[in-house]
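Observations on the model geometry
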Amino acid sequence: MTMVKGAIVLALSMVMLFASACEDTGPTPEEREAIETAVRGYLGALAAAYSNLDPNVLDGFASPNEKAAVHKLLKELLQKSGDRIDAELVGYDVQSMSVFRGINATVRLIEVWNITLYGATDGIEKGKTPNSIQNTLLQMRLVEGRWIVIGRSIMKQETPVPEAEQPSGGDGA
């Protein structure tokens, strides 16, 4: 009898494992809209956090752990170089979106940022990186009816080389 129970438990376990592997992770139109709204809000708040050196603007858009991670990055930036970043989100494109069990989501993005570096104490511009491209992965969770970012990973970063200035004062001949 014990062998039969073991076989039944094994069979049920296999069925459950197979069912979870076949879970449809495509978001519903309502989930997609809510997640895209949350992503847009988070990225705007992230730009403000970097530009104002204030991770508190992430409240309502990010989990306490994600907010702490951004705070740590801001603190390291100030301690290492004494600099401040003005981050302008130029745009982003959602590459893929998956929803798991209706409360967890993964969003792959291509983000384009204009970054300007300023001295934190004197405010003097130290450099610009226009059109910095980042392939990112956002981990999100539905908390009290609202999608928030619980983690952000930069998978790849591409910093374009500025075009060389064209010589002036001639017709090129």
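Provided above is the structure to which this section pertains.
In this section: the overall build of the chain. Scanning the chain from terminus to terminus reveals 3 helices and 4 strands. Scanning the chain from its N terminus toward the C terminus, one meets helices and strands in the order α-α-α-β-β-β-β. Counting across all 173 residues of the chain, residues that qualify as buried make up 29%. Long-range contacts, defined as pairs at least 24 residues apart, comprise 55% of the intrachain contacts of the chain with a sequence gap of at least 6. Taken as a whole, the chain presents about 11300 Å² of accessible surface, with 57% of it coming from carbon and sulfur.

Turning our eyes to something else, we now look at the side chain of Glu31. Residue placement: Glu31 occurs in helix H2 (residues 29–52). If near-sequence neighbours (up to four positions away) are discounted, Glu31 is found in contact with Gly26, Val99 and Gly102.

Counting 27 residues, the largest nonpolar core has Ile35, Val39, Tyr42, Leu58, Val107, Leu138 and Met140 as the members making the most contacts within it. Contributions of two or more residues to this core are made by H2, helix H3 (64–81), strand S1 (83–100), strand S2 (104–119), strand S3 (125–143) and strand S4 (146–158). No other element matches H2, which puts 10 residues into this core. Other than its neighbours up to four places away in sequence, Tyr42 contacts Leu58, Phe61, Ala62, Glu66, Leu138, Val149 and Arg152.

It is worth spelling out the pairing of S3 at this point. It is a general feature of regular strands that their side chains alternate between the two faces of the sheet. By the bridge criterion, 14 bridges tie S2 to S3 in an arrangement that is antiparallel. Residue pairing for S3: Ala105 is matched across the bridge by Met140. Where S3 lies against S4, 11 bridges are found, and the strand directions are antiparallel. Its bridge partner lying in S4, Leu142 is registered against Trp147. Counted along the chain from S3 to the antiparallel partner S4, the turn is 2 residues long, and its residue Glu144 has a positive phi close to 50°.

Quick notes on the rules
- Residues numbered from 1 in each chain as written.
- Predicted model: local features only at pLDDT ≥ 70, side-chain atom pairs only at ≥ 80, totals over all residues.
- Heavy atoms only, no water.
- Helix = DSSP H or I, 4+ residues; strand = E, 2+ residues; numbered from the N terminus.
- Buried < 20%, exposed > 50% of the residue type's maximum accessible area, 1.4 Å probe, protein only.
- Contact = heavy atoms within 4.5 Å.
- Areas by Shrake-Rupley, 256 points an atom, 1.4 Å probe, with all protein chains shown as cover.
- Core = buried A, V, L, I, M, F, W, Y, C linked by side-chain atoms within 4.5 Å.
- Pairing = 2+ DSSP bridges.

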